[in-house]
Amino acid sequence: MAVLNYVESERKVEEAIYNKKLLSGEGWLYTIEPGEVLRIVDVEGNQAADTLFYDADHPSDHYSAINTILRQRNIYLSTGSVLIAESGKELVKIIADTCGRHDTIGGACSAQSNTVRYSHDTLPMHNCRDTFMLQMAKFDKRTTKRDLAPNVNFFMNVPVTPAGGLRFDDGVSAPGYYVEMQAINATTVLISNCPQLNNPCNAYNPTPIQLIIWDK
Amino acid sequence: MNNTVSSIITKTIPAGGKWSARIQRGKEITFTALEAGANVSLLLYNADDTAERYNMPDTLKAQYTAFLTKGNVLMTDHGRVLASLVEDTVGWHDTISGYSTRKMIDEKYGKTTYQEHRNEWYRSGEENLMVELFRNGLTTCDLSPVINLFSKVYCDEEGNMNFVEGHSKKGESVTLRTEMDVLLVLSNTPNPLDTRNTYLSTPIEVKIKGAEPVLENDICLKHRDENRRAFENTWEYVMLTKGGIQ
């Protein structure tokens, strides 16, 4: 399960109830109701959509990357993966995927981790964690940085080898590839369309994603 | 008998046990397995600002590794070093398998209750960590990926996770050196992927003493350029908040 699990969707874009282009470096926070379907399209290819999920009824219960991979005993996400919260509550299920593999080990970039990974002078550069924090600051005054947790990187390839190696590889994604997930419970989705300019995984060229929602 | 306090603190964490403590910068914490097949789930926070905590993704991607051993450092989400792994006879510590839950423990080892089993009932990592977090003013929103000391879990080419049985032996040890004031939270409970059918029965000794200063040839400082930059960020933080670097 969860390995190069290629499944196309039959949903038609003209029947969607919501359709938005999200430019790189921008954030998006939106609640999908049970049964609703969210498609994220990698419009130009090799982009990373850094995504977090929260139980919409109890936002202190955040997506758990580790509980999710533990449940399927596999570190990659694809069709069939059920994304769960820290409490074990089921949030969304991936029901279609033309990319076939998504990372949830590599986390989001931040100004501070950029200084460690690249150089101290990258501190002023735009980054995913700033995008997450701006969206959360606007969303609910009760949420704080403590509500940020390791996230999903849709379309990103972070292979782990049997010897324990980990690296960021050239993406397995391409223009028009998409992933589609259906809400099991009301779920707040937080996306940072990654602005990373220091990593070859996106050829140093962050690009837009498309967010499309159907009511079933 | 004199009344001087020993400069070394030793604790034994029994199987199923838990512990949390604030520990100052510049200490060595040595964990020793008193029996084979140990697993200690560990969380670390900046003691002065617990919103800053061990960050599994940042730690792994900066050091290009999916496991932890001697030479690695444990990084925060602020690009700083909480602690360094300065000694290790085990060679591989898991940081991608998380903690055991109450549901998992009941299903795998059989349901136990305090009423029936008294203190022999099977504790879960989830509940142990929740209690210790709450004791320190934190909540379940502060739960994050743990480090499972003494356990080895590797992934095959397809990403399937595999637990290695018999990985750590009796008497093996691992030593962390604190690089900032930390809140340490421990749960001595089974690894969620443990393939054994019996609940672990491995007590752990935790010994804490003063560490030697970090020198230029330090194995963790020299491990990668990334580690040095994380140390530099930490030293700057100590300069700003503690009035200098000792």
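The structure this text deals with has already been given above.
It should be emphasised that the depicted structure is a prediction, and the values quoted were computed from it without experimental measurement.

> If you had to explain the overall build of chain B to someone new, which residues and values would you point to?
Counting its secondary structure elements, chain B contains six helices and 14 strands. Compactness check: chain B gives a C-alpha radius of gyration of 18 Å against a globular reference of 18 Å for 246 residues, within 12% of the reference. Seen through its principal axes, chain B has C-alpha atoms that stretch 60 × 55 × 35 Å. Of the contacts made within chain B by residues no fewer than 6 positions apart, 77% connect residues no fewer than 24 positions apart. Split by element, the accessible area of chain B, about 10,300 Å² in all, is 49% carbon and sulfur.

> Outline helix H2 (residues 102-109) of chain B, listing residues and values.
Residues and elements named next belong to chain B. Every buried residue belonging to H2 is among Arg102, Ile105, Asp106 and Tyr109, and all of these are buried. End-on, the buried residues of H2 take up no more than an arc of 105°, which puts them together on one face. Of the exposed residues in H2, those oriented more than 90 degrees away from the buried face are Lys103 and Glu107. Turning to H2, the residues buried within the fold contact helix H4 (125-135). Where H2 terminates, the next one or two residues include Gly110, which has phi positive at roughly 95°.

> Can you explain the nonpolar core? Please cite residues and give values.
Ile40(A), Phe53(A), Phe154(A), Phe31(B) and Phe150(B) are the most contacted members of the largest nonpolar core, which totals 90 residues. Apart from residues lying up to four places away in sequence, Phe53(A) is in contact with His62(A), Tyr63(A), Leu83(A), Leu91(A), Val92(A), Val152(A), Phe154(A), Met181(A), Thr187(A), Thr188(A) and Val189(A).

> Quick one: what's the story with the sheet that holds strand S8 (residues 177-183) of chain A, residue by residue and with numbers?
All names here are of chain A. Taken in spatial order, the six strands make up an open sheet running S1-S10-S3-S8-S6-S5, and their pairing is antiparallel. The two strands at the open ends of the sheet, each matched to only one other strand, are strand S1 (18-22) and strand S5 (82-84). Recorded for the sheet is a direction-independent mean angle of 20° between the axes of neighbouring strands. By the bridge criterion, six bridges tie strand S3 (residues 37-42) to S8 in an arrangement that is antiparallel.

> Lay out the interface of chain B and chain A in plain terms, naming residues and giving numbers.
Of the residues lining the interface, 48 residues belong to chain B; the matching set on chain A comes to 41 residues. With both sides pooled, the region where chain B packs onto chain A buries about 3,700 Å², and carbon together with sulfur makes up 58% of that total. Considering only the surface of chain B that becomes buried against chain A, Lys61(B), Cys141(B) and Arg229(B) emerge as the three largest contributors, covering 18% of it. A salt bridge links Asp142(B) to Arg146(A); the shortest N-O distance between them is 2.4 Å. Viewed at the interface, chain A and chain B are joined by 21 residue pairs in polar contact (both at pLDDT 80 or more). Every element with two or more residues in the side of chain B that touches chain A is listed here: helix H1 (56-63), strand S10 (153-155) and helix H6 (225-242) of chain B. At six residues, the largest contribution of residues to the side of chain B that touches chain A is made by H1(B). In the side of chain B that touches chain A, the residues fall into 23 nonpolar, 13 polar and 12 charged.

> Give a detailed account of the sheet that holds strand S9 (residues 187-193) of chain A, specifying residues and quantitative values.
Across a sheet, paired strands are connected by hydrogen bonds in the backbone, their directions being either parallel or antiparallel. Residues and elements named next belong to chain A. If you trace the four strands from one edge of the open sheet to the other, you get S2-S9-S4-S7, paired in antiparallel fashion. Pairing within the sheet leaves two strands with one partner each, and these edge strands are strand S2 (27-32) and strand S7 (152-154). Taken over all neighbouring pairs, the strand axes of this sheet differ in orientation by 25° on average, direction set aside. Taken together, the seven bridges between strand S4 (residues 49-55) and S9 define a ladder with antiparallel strand orientation. Paired with Tyr54 across the strands is Thr188, a residue of S9. Against the sheet, helix H3 (residues 128-139) makes contact with S2, S4 and S9, and its axis sits at roughly 140° relative to S9, the strand it touches most.

> Any chance you could break down the pairing of strand S7 (residues 81-88) of chain B for me, citing the residues and the numbers?
Here is the key point about a regular strand: its side chains alternate between the two faces of the sheet. Residue and element names in this part refer to chain B. Judged by how many residues are buried, S7 sits mostly within the fold: seven of eight residues are covered. Sheet analysis places strand S6 (residues 73-75) next to S7, joined by three bridges and oriented antiparallel. Across the sheet, Val73 pairs through a bridge with Ser84, a residue of S7. Taking the residues that link successive antiparallel strands as the turn, the S6-S7 hairpin has five residues, and the phi of Gly79 there is positive, at about 70°. Inspection of the sheet shows S7 paired to strand S12 (residues 173-178) by five bridges, in the antiparallel sense. Among the inter-strand pairings, Glu87 is bridged to a residue of S12, identified as Thr175.

> Give a description of unusual backbone geometry that names residues and reports values.
Even without being a glycine, Arg73(A) presents a positive backbone phi close to 55°. Inspection of the secondary structure assignment puts Arg73(A) in the loop between helix H1 (65-72) and S5.

> Provide a residue-level description of the side chain of Asn157(A), including the pertinent values.
Residue and element names in this part refer to chain A. Take Asn157: it is sitting in the loop between S7 and S8. For Asn157, a relative accessible area of 7% translates into the label buried. In this structure, Asn157 is in contact with Arg101, Arg167, Phe168, Asp169, Asp170, Gly171 and Val172, ignoring residues within four places of it in sequence.

Here is what the cut-offs are and how they apply
Residues numbered from 1 in each chain as written. Chains lettered and ligands numbered in written order. Predicted model: local features only at pLDDT ≥ 70, side-chain atom pairs only at ≥ 80, totals over all residues. Heavy atoms only, no water. Helix = DSSP H or I, 4+ residues; strand = E, 2+ residues; numbered from the N terminus. Rg over C-alpha atoms; globule rule 2.2 N^0.38 Å. Contact = heavy atoms within 4.5 Å. Areas by Shrake-Rupley, 256 points an atom, 1.4 Å probe, with all protein chains shown as cover. Buried < 20%, exposed > 50% of the residue type's maximum accessible area, 1.4 Å probe, protein only. Arc of directions from axis to C-beta. Core = buried A, V, L, I, M, F, W, Y, C linked by side-chain atoms within 4.5 Å. Pairing = 2+ DSSP bridges. Axes fitted to C-alpha atoms, helices over the stretch in contact; angles between N-to-C directions. Buried area = accessible area lost by both parts, 1.4 Å probe. Salt bridge = Lys/Arg side-chain N within 4 Å of Asp/Glu carboxyl O. Polar contact = N/O pair within 3.5 Å; in protein donor to acceptor, adjacent residues only side chain to side chain. Nonpolar A, V, L, I, M, F, W, Y, C, P; charged D, E, K, R; others polar.

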